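Residue-level listing of the chains:
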Amino acid sequence: MSIAIYILVMAGVTYLIRMLPFTLFRKKIKSRFFKSVLHYIPYAVLSAMTFPSIFYSTGNTVTAAVGTVVAVALAYFKLPLIVVSVAACVAAFVTGLFI
Amino acid sequence: MKKPFKRGMLHGLPIALGYFSVSFGFGIVAMQSGLKVIEAVIISLTNLTSAGQAMGVAIIAAGGTLLEMAATQLVINLRYALMAISLSQKLDDSFTTPHRLLAAYGITDEIFAVAAAQDCKLVPSYMYGMISVAAVGWVGGTLAGSVANMLLPVSLTAAMGIMLYGMFIAIIIPPAKANRKMLCVILIAAALSCIFKYLLPAVSVGFAIIISAIVASVIGALLFPIDEEKEETAK
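I will try to describe carefully the structure that is included in this document. Note that the structure is predicted; figures quoted are calculated from it, not measured.

1. Focus: the overall build of chain A
Summing up its helical and strand segments, chain A has four helices and zero strands in all. Considered along the principal axes of its C-alpha atoms, chain A spans approximately 60 × 40 × 20 Å. For chain A, the proportion of its 99 residues judged to be buried stands at 48%. Accessible area for chain A stands at about 4800 Å²; split by element, carbon and sulfur atoms hold 76% of it.

Below, the structure written as structure tokens:
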């Protein structure tokens, strides 16, 4: 299938999700259940996207696992996004040199 | 008091710097999924969102269906609908429908957070200032990451494939550390995703992710509904 069609669907849906409520919606969401789902969803999505895919992200599960451990450890100490990300990359790269 | 457009640009600057580094990782992932530089750049320009784009690229690489693409984007980006509703209550009267149609493009987690924190009504030029600077950072980072993937040696770019996931980990770990309920939701989502990958490989990647995320979030919402207070700080 043409990549242009994929991009069109992707961008179209993403825009409509933002645009329709921004232009049309005038009420507040009342349901506590629905608000709770919306609160959890971004984190659940990122978690499901990250695991187990992160272990295949470098082409070698050992280097990826080392990078993952470094990322989790640094994130635990609330280091900035870019630091966590670059450290994971460096850890995976350095591990790769020894394999 | 500065002009609203200029003030928006200033507020957009730190957002743009953060976006540059995240979309750099996206550029790398997009290239490694077999996309062209121009395609990665157009995706970033037209979508302006990280998780949705990463998922979209994975679906393109796997040759998924358009229904799968639409469904994953809907679920992953559903939070923007809530932010859009919230922001729509703060708009100045000068925010007419054409302005809303245009500014809706730039509702992201970070832009929402900064705009929602303003103690005045939002005018279109302020939003345009912030969105334009942030979008330049996002698209520029994608371009830089894509080009870096072509120029740098494979041993390095292979390791850079982990960068985007490193960002995701940096986003989910701190709230999981601070809040056991969030940790629970995150672990359920990860466990379900692993189950799909290893035990139910017939389910395509996009559906596996959204089913995992929705089930984990619904369990979280049923077991630990959020307080009304917390809703204000929810991302």
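Picking up after the structure, the text goes on.
2. As for the nonpolar core
Counting 98 residues, the largest nonpolar core has Phe22(A), Met49(A), Ile43(B), Leu87(B), Leu122(B) and Met127(B) as the members making the most contacts within it. Here this core spans two domains, and each of domain 1 (4-170) and domain 2 (179-235) of chain B adds at least three residues to it. In contact with Met127(B), other than residues within four places in its own chain, are Leu87(B), Phe95(B), Ile111(B), Ala115(B) and Leu122(B).

3. Digging into the packing of aromatic side chains
Scanning the entire structure with this criterion turns up five aromatic pairs over all chains. Consider the rings of Phe51(A) and Phe55(A), whose centres lie 6.2 Å apart with planes at 50°: the pair is tilted. Note on Tyr165(B) and Phe168(B): the rings are 6.2 Å apart at their centroids and 90° apart in plane angle, and the pair reads as edge-to-face. Placement of both Tyr165(B) and Phe168(B) in helix α10 (residues 163-178) is noted, with a separation of three residues, approximately one turn of the helix. For the pair formed by Tyr165(B) and Phe168(B), the shared burial category is buried. Residue placement shows Arg18(A) over the ring face of Tyr80(B); its charged tip is 4.4 Å from the ring centre. Seen from the ring of Tyr56(A), Lys197(B) lies directly overhead, with NZ or CZ sitting 4.4 Å from the centre.

4. Overview of the interface of chain B and chain A
On the side of chain A, 64 residues touch chain B, which itself brings 99 residues to the contact. The contact between chain B and chain A buries some 7500 Å² in all, and 77% of this surface belongs to carbon and sulfur atoms. Its salt-bridge partner being Asp227(B), residue Arg32(A) comes within 3.8 Å of it at the nearest N-O pair. Among the elements that take part in the side of chain B that touches chain A, α10(B) stands out by supplying 13 residues, more than any other. Of the residues contributing to the side of chain B that touches chain A, the split by class is 65 nonpolar, 24 polar and 10 charged.

Rules used in this analysis
Residues numbered from 1 in each chain as written. Chains lettered and ligands numbered in written order. Predicted model: local features only at pLDDT ≥ 70, side-chain atom pairs only at ≥ 80, totals over all residues. Heavy atoms only, no water. Helix = DSSP H or I, 4+ residues; strand = E, 2+ residues; numbered from the N terminus. Buried < 20%, exposed > 50% of the residue type's maximum accessible area, 1.4 Å probe, protein only. Areas by Shrake-Rupley, 256 points an atom, 1.4 Å probe, with all protein chains shown as cover. Core = buried A, V, L, I, M, F, W, Y, C linked by side-chain atoms within 4.5 Å. Domains from an automatic or database assignment. Contact = heavy atoms within 4.5 Å. Phe/Tyr/Trp six-rings, centres within 6.5 Å; stacked < 30°, edge-to-face > 60°. Lys NZ or Arg CZ within 6 Å of the ring centre and 35° of its normal. Buried area = accessible area lost by both parts, 1.4 Å probe. Salt bridge = Lys/Arg side-chain N within 4 Å of Asp/Glu carboxyl O. Nonpolar A, V, L, I, M, F, W, Y, C, P; charged D, E, K, R; others polar.

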